[in-house]
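These are the residues of each chain, in order.
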Amino acid sequence: MDIIHVMNTARSVVIEIKDGGRYYTKKPYRVLLNGEEKLTAEKTIVSLYGLKPDTEYQVEVWDGAEKAGRLTFRTDYEFVTLDVKRFGARGDGEQDDTHHIQAAILACPEHSRVLIPKGVYRITSLFLKSHTRIELAEGAELKAFTEPEKFPVFPGWIESYDETDGYNLGSWEGNPLNMYTGIICGVNVEDVVIYGQGTVNGNASKEDWWKMPMNYKESFRPRLFFINNCRQITMAGVKVCNSPSWTLHPYFSEDLKLIDLFVSNPADSPNTDGCDPESCKNVDILGVHFSVGDDCIAVKSGKIYMGKKYKTPSENIRIRQCLMEDGHGAVTLGSEMAGGVVNLTVEDCIFRRTDRGLRIKTRRGRGKDAVIDGITFRNLDLDHVMTPLVANSFYFCDPDGHTPYVQSRDLYPVDDRTPSIKKMVFENLECTNCHVAAAFFEGLPEQKIEEIVLKNVSVSYAENPKEDVPAMSETVPRSTKRGLFASNIRKLTLENVKITGQTGEAYEFIGVDELDES
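Source: prediction; values computed, not measured.

Participant: Explain the pattern of salt bridges to me, please; I cannot follow it from the model alone.
Facilitator: Side-chain pairing between opposite charges can occur once the charged atoms of the two side chains come close. Applying the stated criterion to the full structure yields 39 salt bridges. In this structure, K311 engages D369 in a salt bridge whose closest nitrogen and oxygen atoms are separated by 2.9 Å. Placement of K311 in the loop between helix 2 (304-310) and strand 31 (314-320) and of D369 in the loop between strand 35 (356-361) and strand 36 (371-383) is noted, with a sequence separation of 58 residues between them. When its relative accessible area of 24% is taken as the criterion, D369 is described as partly exposed. Salt bridges here are not isolated pairs; linked through shared partners, they connect K303, R363, R366, D398 and D400.

Participant: Sorry, what's going on with the sheet that holds strand 19 (residues 184-187) here?
Facilitator: The strand order 12-19-22-25 describes an open sheet built from 4 strands, whose pairing is parallel. Either end of the sheet is taken by a strand with one partner, and the two such strands are strand 12 (126-127) and strand 25 (248-251). Here strand 22 (residues 225-228) runs beside strand 25; their pairing, made up of 4 bridges, is parallel. Within the sheet, the bridge partner assigned to F226 lies in strand 25 and is H249.

Participant: Would you take a moment to explain unusual backbone geometry for this structure?
Facilitator: In terms of backbone geometry, most residues other than glycine have negative phi values and most peptide bonds are trans. Look at the link from G334 to S335: it is a cis peptide, with omega at 5°. Along the polypeptide, S335 turns up in the loop between strand 33 (329-334) and strand 34 (341-352). The phi angle at D326 is positive, at roughly 70°, despite the residue not being glycine. Its place among the elements puts D326 in the loop between strand 32 (323-325) and strand 33.

Participant: In this structure, what is going on with the sheet that holds strand 1 (residues 2-8)? I would like to understand it.
Facilitator: Strands belonging to one sheet form pairs held by backbone hydrogen bonds; the direction of such a pair is parallel or antiparallel. Spatially, 3 strands are ordered 1-2-5 in an open sheet, and the strand pairing comes out antiparallel. Bordering the open sheet on either side are strand 1 and strand 5 (45-48), each of which pairs with just one other strand. With strand direction ignored, the average angle separating the axes of adjacent strands in the sheet is 25°. Where strand 2 (residues 13-18) meets strand 5, 4 bridges bridge the pair, whose relative direction is antiparallel. Note that in strand 5 the partner of V13 across the bridge is L48.

Participant: Explanation requested: empty space enclosed by the protein in the structure shown.
Facilitator: Inspection of every chain in the model, using the stated rule, returns 4 cavities of 30 Å³ or more. A volume near 70 Å³ is recorded for the largest cavity. In this structure, the largest cavity is lined by I101, I105, I116, L126, L128, I134, L136, L142, I184, I194 and V200. In the lining of the largest cavity, the residues fall into 11 nonpolar, no polar and no charged. Of the pockets and cavities examined, the second largest cavity occupies roughly 50 Å³.

Participant: Would you mind showing me how to read the packing of aromatic side chains here?
Facilitator: To describe a pair of aromatic rings, you give the distance between the ring centres and the angle between the ring planes. Tallied over the entire structure, the rule returns 17 aromatic pairs. Both rings, one in W157 and one in Y305, keep their centres 6.5 Å apart while their planes meet at 85°; by these two values the pair is edge-to-face. One end of the pair, W157, is in the loop between strand 15 (153-154) and strand 16 (158-159); the other, Y305, is in helix 2, and 148 residues separate them in sequence. Ring centres of F440 and F485 lie 4.7 Å apart, and the angle between their planes is 20°; this geometry places the pair in the stacked category. Of this pair, F440 sits in strand 40 (residues 437-442) while F485 is found in strand 42 (residues 482-500), placing the two residues 45 residues apart along the sequence.

Participant: Which parts of the structure should I look at to understand a negative patch on the surface?
Facilitator: Negative charge collects at one region of the surface, where E495, E514, D516 and E517 lie side by side. With 3 residues, strand 43 (residues 507-517) is the largest single contributor of residues to the negative patch. Turning to its location among the elements, E514 is positioned in strand 43.

Participant: Help me out: how do you make sense of the environment of T345 in this one?
Facilitator: By the secondary structure assignment, T345 is in strand 34. Every residue in contact with T345, bar those within four places of it in the chain, is listed here: I317, R318, I319, T376 and R378.

Participant: In this structure, what is going on with the environment of E37? I would like to understand it.
Facilitator: Among the secondary structure elements, E37 is positioned in strand 4 (residues 36-43). For E37, a relative accessible area of 41% translates into the label partly exposed. The spatial distance from the C-alpha of E37 to the C-alpha of H131 is 33 Å, given a sequence separation of 94 residues. Apart from the residues within four sequence positions on either side, E37 is in contact with R30, V31 and L32.

Participant: Explanation requested: the nonpolar core in the structure shown.
Facilitator: The tendency in soluble globular proteins is for nonpolar side chains to be buried side by side. One finds M324, F351 and L454 to be the most contacted residues of the largest nonpolar core, which totals 99 residues. Of the residues forming this core, the biggest block, 7 residues, is contributed by strand 42. Grouped together as the second largest cluster of nonpolar side chains are 16 residues, I3, I17, L51 and L71 included.

Participant: I'm lost on the layout of surface pockets in this one. Help?
Facilitator: Any space left empty among the atoms is revealed by the rolling of a water-sized probe across them. Empty space within the second largest pocket amounts to approximately 300 Å³. Each residue belonging to the lining of the second largest pocket can be placed in one class, and the counts come to 5 nonpolar, 3 polar and 10 charged.

Participant: I would appreciate a short explanation of the side chain of S125 in the present structure.
Facilitator: You can see S125 is positioned in the loop between strand 11 (119-123) and strand 12. Since its relative accessible area comes to 4%, S125 is described here as buried. A distance of 2.7 Å separates polar atoms of two side chains, one belonging to S125 and the other to T181. Here the side chain of S125 touches G182 through a polar contact of 2.7 Å, landing on its backbone oxygen. Dropping the residues within four chain positions of it, S125 is found in contact with T98, Q102, F151, P152, T181, G182 and I183.

Participant: Explain the pairing of strand 3 (residues 24-33) here, please?
Facilitator: Consecutive residues of a regular strand have side chains that alternate between opposite faces of the sheet. Examined bridge by bridge, strand 3 and strand 4 share 6 bridges and lie antiparallel to one another. Each residue of the ladder has a partner; that of Y24, found in strand 4, is K43. Taking the residues between adjacent antiparallel strands as the criterion, strand 3 and strand 4 are bridged by 2 residues, where N34 takes a positive phi near 50°. The pairing of strand 3 with strand 6 (residues 56-63) spans 4 bridges and is classified as antiparallel. Looking across to strand 6, one finds that L33 is bridged to V59.

Criteria and thresholds
Residues numbered from 1 in each chain as written. Predicted model: local features only at pLDDT ≥ 70, side-chain atom pairs only at ≥ 80, totals over all residues. Heavy atoms only, no water. Salt bridge = Lys/Arg side-chain N within 4 Å of Asp/Glu carboxyl O. Helix = DSSP H or I, 4+ residues; strand = E, 2+ residues; numbered from the N terminus. Buried < 20%, exposed > 50% of the residue type's maximum accessible area, 1.4 Å probe, protein only. Pairing = 2+ DSSP bridges. Axes fitted to C-alpha atoms, helices over the stretch in contact; angles between N-to-C directions. 1 Å grid on protein atoms, 1.4 Å probe; cavity = no way out; pocket = protein on both sides within 12 Å on 5 of 7 lines; lining within 4 Å. Points joined across faces, edges and corners; volume = space filled by probe spheres on them. Nonpolar A, V, L, I, M, F, W, Y, C, P; charged D, E, K, R; others polar. Phe/Tyr/Trp six-rings, centres within 6.5 Å; stacked < 30°, edge-to-face > 60°. Patch = residues over 30% accessible without salt bridge, like charges linked within 9 Å, V, L, I, M, F, W, Y side chains within 5 Å. Areas by Shrake-Rupley, 256 points an atom, 1.4 Å probe, with all protein chains shown as cover. Lys, Arg positive; Asp, Glu negative; His and termini not counted. Charge placed at Lys NZ, Arg CZ, Asp CG, Glu CD. Contact = heavy atoms within 4.5 Å. Core = buried A, V, L, I, M, F, W, Y, C linked by side-chain atoms within 4.5 Å. Polar contact = N/O pair within 3.5 Å; in protein donor to acceptor, adjacent residues only side chain to side chain.

Below, the structure written as structure tokens:
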């Protein structure tokens, strides 16, 4: 067994226990810090707090009476701690503490910490500053107000003085539209770590932000965490919940780490995706527990205008050791992905009770830059996932989503509006209690999916399955216990694929040019 150092601050450390478990360790382990027992670990990603700055520590992991692993590390240097209560914040659940906490953030020098101690702090939007560390202590809660008039607005587009370009601040579902600022918000900042055992509570409910979710007046709903054109941003340990809309929304940002978080929104809360990296590069999502009202992770890169203008894909995204529950899709690509999604790996995760495992949502009109390539899913456990794998090239989003251009299965010309799906690999997937279909892959007749590889994939069905559609497009019927459907694929490789308990044919192939079965 290996013990891996994931990251540390001056006051905390995150380790990974590699015993072959997925999200959970295969057995409980005792974790000692400098010889003192700190906790019993039952997850592969473990965080320890209450450390001293610039100090060497030794972490030991014990399997009963036997030492299973050890590592040594040194915490970061820290100059000063700025306690927000010394800046006037009360944490009494009543006073608006926004300005007091913001003052501490803006006053924080490099190599220092803003400390939010135990208490309930009412806030609207807090803006990050480069080179800061913000610790939410155990029992600390940032609890957002819900009145729209309390929030600033980010304009979607501000035209440049010479009218040749512009400045994009706000965003809504892939378009440059006015939005209320995020509860935690960063623009053009770098080297920030938000960590701790506390909570960021968006405080949304059906009495306010969720009451009329698509009602646009002046601006669209805020995100709980929104960063725009930022780099080297880390969020670790904290719980984030009850987001007004998408929960974690990094936008045109890079070198991001989301580690050991709990992202929680009610199952019936509208558009409360867990994490939506949009046109982002080098993103690590590690040890995160998602339980949300929409997609757990939705990777995006803008609708047609933004994709065509900036041609910025989401790329190099690594999702490991995560637990994804109750969302529409565990990992979704699109539907706003006109800039493309390239090099995405999902491994050692558990998906439970999501509508779909992988969910690709694309369609004609997304454009030639909407390229999906280098998608790898491996070493996954899927339980009660209604359809484990879906690639849908006829997703009926947007006002024209039901028009013949989007929905027709006829051969259309390949032009600047035509998206593409290239290579996807799925290996070592154990899918139990499947409901609707084992997998549903449908490419465009004029732009077939280039290659799909399924290796060591096992699918079995629920005893009393729920009926639904495997993919949201016209002509796809509602069903249960359907097998693997593949249409318009250039090369399909099936190696050790087992589908048991389905009704009807285990495999349906239409327009598959090359089939390799073993």
